[in-house]
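Understanding the architecture of this molecule
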Amino acid sequence: MKIGLKWIVSFCVITLVAFGGLFWSPAVDSHDTGDFLSEDKIIGADVAWILAAAGLVLLMTPGLSFFYGGMVGKKNVISTMLQSFIALGVISILWVVVGFSLSFGDSLGFEINGVHYGIIGNPLSYPFFNHVGVLPHKMMATTIPFVLFALFQMKFAVITPALITGSFAERVRFISYLLFMVLFSIFIYTPLCHMVWHPDGLLNKYFGIRDFAGGTVVHMSAGFAALAGAMFLGNRKNPHHEPSNIPYVLLGTGMLWFGWFGFNAGSALSANASAAMAFGTTTIASASAMMTWIFFDRINGRSVSALGACIGAVVGLVAITPGCGFVSIPESLFIGFLAAVVSNLMMNWKALKKIDDTLDVFACHGVGGIMGMILTAVFAHGENASLLHGGIGVFAHHMAALALVSAFTFFGSLLLYKLTDSIITLRVSEESENAGLDLSQHQESFR
């Protein structure tokens, strides 16, 4: 088998990273209190819960691989599942080397009237997890070790590019996807993460964006990147296929739903009342969306299907994510219902069907994230927190941020697809597509 230069370069990169880890000083010790609190501020219950939540969020990525893998044709099951699974390797390493610094490092940005607003973190703040140790940070996650906060956030960074893969399934080269994943994480995910979740981030500090667990950071960014990818790569030669394994989809949905409790309730970063409420709203929104989806399908002349039930459940999980800790359980029923109807309509909209988004990632995650952001701005509890609680200005800021995030993630991703394609061609050859990516990319087959 011929070994191309791109694979040699890839091996050299991982070699440099591995040896580079030997030359960084160890994590902050117990006497360095510059940006950190003392060890006695750690709350054991919070540590136990976030350790569990981080494990739950990690489980979502293998769950996503089953969810997507069961939907594609038999010639592309392994390649589709691997595209999700490989993110556990690529993004975990990237996060340690520079991703966490770019997301949660010291803010780099600009000032307005003497107030600093961050766009991205300083890459030299925590390279190779330098100074990411056992002490709690004074501004971020004040009751758990900073290293636990960093590892919990890493799982969000891992699943985001994996979500995108459903849009260009069955036609993308594996090595090109790896390059795009790295570029997306550095240039789209980390600045968006910083702007929304860092205390000095622009969307957080100026716009007042409420995103409890990642509706904006994860699902909108992945959804618009998916739309851009489907448009850039073009339609498959044979866009019609039968799902290869519906039980895989059911299994993946169950793993996603289970892991989502860590995703949403864990984002309270403490074992507290907000975590409990997020736990409740998460499952009720998903249940509401699942039932709404199958009934809405039926009244529109479509069959009640396991595939539809699974898609509906995931749409509900996506939509409740930004507001899960800010809304009530009765409101989560409505959020799941409305998100399911809107996403279902978008999935079956003829104009959108002309774009070959293989697994309807934009209609589910993009639209679900948009609905979640809007409905959070409508229902979030607290004084001046949302449209229904006196926060007309907050609602207007959310809508402005919605437009800003949509444009940034769509056009930014489109630019990264073009850059990736100029370095390594993104799309497989017609012969490879006809043979299936399992064989043509990985020399494996699903039986």
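Placed above this text is the structure.
Summarised in this report is the structure supplied together with it. What you are looking at is a predicted structure, and each value in this text was computed from that prediction instead of being measured. (Residues numbered from 1 in each chain as written. Predicted model: local features only at pLDDT ≥ 70, side-chain atom pairs only at ≥ 80, totals over all residues. Heavy atoms only, no water.)

Attention now moves to the overall build of the chain. Secondary structure assignment for the chain yields 17 helices and two strands. For 447 residues, the compact-globule formula gives about 22 Å, and the C-alpha radius of gyration of the chain, at 21 Å, lands near that figure. For the chain, the spread of C-alpha atoms along the three principal axes comes to 60 × 55 × 40 Å. Burial analysis of the chain (447 residues in total) assigns 57% to the buried set. Long-range pairs, those at least 24 residues apart, make up 77% of the contacts in the chain with a sequence separation of at least 6. A total accessible area of about 17800 Å² is found for the chain, and carbon and sulfur atoms account for 68% of it. Mean positive and mean negative side-chain charge positions of the chain (21 and 24 charges, respectively) differ by 12 Å. (Helix = DSSP H or I, 4+ residues; strand = E, 2+ residues; numbered from the N terminus. Rg over C-alpha atoms; globule rule 2.2 N^0.38 Å. Buried < 20%, exposed > 50% of the residue type's maximum accessible area, 1.4 Å probe, protein only. Contact = heavy atoms within 4.5 Å. Areas by Shrake-Rupley, 256 points an atom, 1.4 Å probe, with all protein chains shown as cover. Lys, Arg positive; Asp, Glu negative; His and termini not counted. Charge placed at Lys NZ, Arg CZ, Asp CG, Glu CD.)

Attention now goes to the packing of helix H4 (residues 87-104) against helix H6 (residues 174-197). Packing of H4 against H6 leaves a shortest axis separation of 10 Å and a crossing angle of 40 degrees. The angle between the axes of H4 and H6 places the two elements in the oblique class. Crossing of H4 over H6 shows right-handed handedness. Of the residues in H6, those touching H4 at Ala87, Val90, Ile91, Leu94, Trp95, Gly99, Leu102, Ser103 and Phe104 are Leu178, Met181, Val182, Ser185, Ile186, Tyr189, Thr190, Cys193, His194 and Trp197. When its residues are assigned to classes, the contact of H4 with H6 shows 14 nonpolar, five polar and no charged. (Axes fitted to C-alpha atoms, helices over the stretch in contact; angles between N-to-C directions. Parallel < 35°, antiparallel > 145°, perpendicular 65-115°, else oblique. Left-handed = near helix turned anticlockwise from the far one by under 90°. Nonpolar A, V, L, I, M, F, W, Y, C, P; charged D, E, K, R; others polar.)

For the rest of this paragraph, the subject is the pairing of strand E1 (residues 107-112). Regular strands have side chains that alternate between both faces of the sheet. Here E1 runs beside strand E2 (residues 115-121); their pairing, made up of six bridges, is antiparallel. Bridge pairing in E2 places Leu108 opposite Ile120. (Pairing = 2+ DSSP bridges.)

A cluster of nonpolar side chains, Ile3, Leu5, Trp7, Ile8, Val9 and Val13, forms an exposed patch at the surface whose accessible area comes to about 600 Å². Mapping Trp7 onto the fold places it in helix H1 (residues 5-20). On the basis of relative accessibility, which here comes to 38%, the residue Trp7 falls in the partly exposed class. (Patch = residues over 30% accessible without salt bridge, like charges linked within 9 Å, V, L, I, M, F, W, Y side chains within 5 Å. Salt bridge = Lys/Arg side-chain N within 4 Å of Asp/Glu carboxyl O.)

What follows covers the packing of aromatic side chains. For the structure on display, the rule yields 31 aromatic pairs. Between Phe67 and Tyr68, the ring centres sit 6.0 Å apart and the planes meet at 35 degrees, which makes this aromatic pair tilted. Tyr68 matches Phe67 in its accessibility class, with the two residues each being buried. Judged by centre distance (5.2 Å) and plane angle (80 degrees), the rings of Tyr206 and Phe207 are edge-to-face. Judged by its relative accessible area of 40%, Tyr206 is partly exposed. With relative accessibility at 14%, the residue Phe207 sits in the buried group. Clustering of aromatic rings is evident, with ring pairs tying together Phe36, Trp95, Phe100, Phe104, Tyr126, Phe129, Phe146 and Phe149. In this arrangement the basic side chain of Arg210 is found over the ring face of Phe326, its NZ or CZ atom lying 4.8 Å from the centre. (Phe/Tyr/Trp six-rings, centres within 6.5 Å; stacked < 30°, edge-to-face > 60°. Lys NZ or Arg CZ within 6 Å of the ring centre and 35° of its normal.)

Considering the arrangement of structural elements, one finds Phe446 in the segment after helix H17 (437-442). In this structure the C-alpha to C-alpha distance between Phe446 and Ile78, which are 368 residues apart in sequence, comes to 6.6 Å. In this view, Phe446 contacts Lys74, Val77, Ile78, Asn245, Tyr248 and Asp438; residues no more than four positions away in its chain are not counted.

The subject of this paragraph is helix H5 (residues 146-164). Helix length check: H5 (19 residues) gives 29 Å between terminal C-alpha atoms against 27 Å at 1.5 Å per residue, within 8%. Along H5, 17 of the 19 residues are buried, which leaves the element largely enclosed by surrounding structure. (Expected span 1.5 Å × (residues − 1).)

Turning to helix H3 (residues 77-85), a few remarks are in order. Within H3, burial applies to Val77, Ser79, Thr80, Met81, Gln83 and Ser84. Of the surrounding secondary structure, the elements contacted by the buried residues of H3 are helix H2 (44-69), H4, H5, H6, helix H9 (246-265) and H17.

Attention now moves to unusual backbone geometry. Phi at Asn384 takes a positive value of approximately 55 degrees, unusual for a residue other than glycine. You can see Asn384 is positioned in the loop between helix H14 (361-379) and helix H15 (392-423). Positive phi, close to 55 degrees, is recorded for Gln443, a residue that is not glycine. By secondary structure assignment, the location of Gln443 is in the segment after H17.

Time to look at the nonpolar core. With 135 residues, the main nonpolar core has Phe67, Phe100, Phe149, Ile164, Tyr189, Leu203 and Phe263 as its most contacted residues. Of all the elements, H6 adds the most residues to this core, at 15 residues. Not counting residues within four places of it along the chain, the set of residues in contact with Leu203 comprises Leu192, Met195, Val196, Gly208, Ile209, Ala401, Leu404 and Val405. (Core = buried A, V, L, I, M, F, W, Y, C linked by side-chain atoms within 4.5 Å.)

Our focus in this paragraph is the environment of Leu59. When you line up the elements, Leu59 lands in helix H2. Residue classification places Leu59 among the partly exposed residues on the basis of a relative accessible area of 26%. Excluding anything up to four places from it in sequence, Leu59 contacts Met255 and Phe258.

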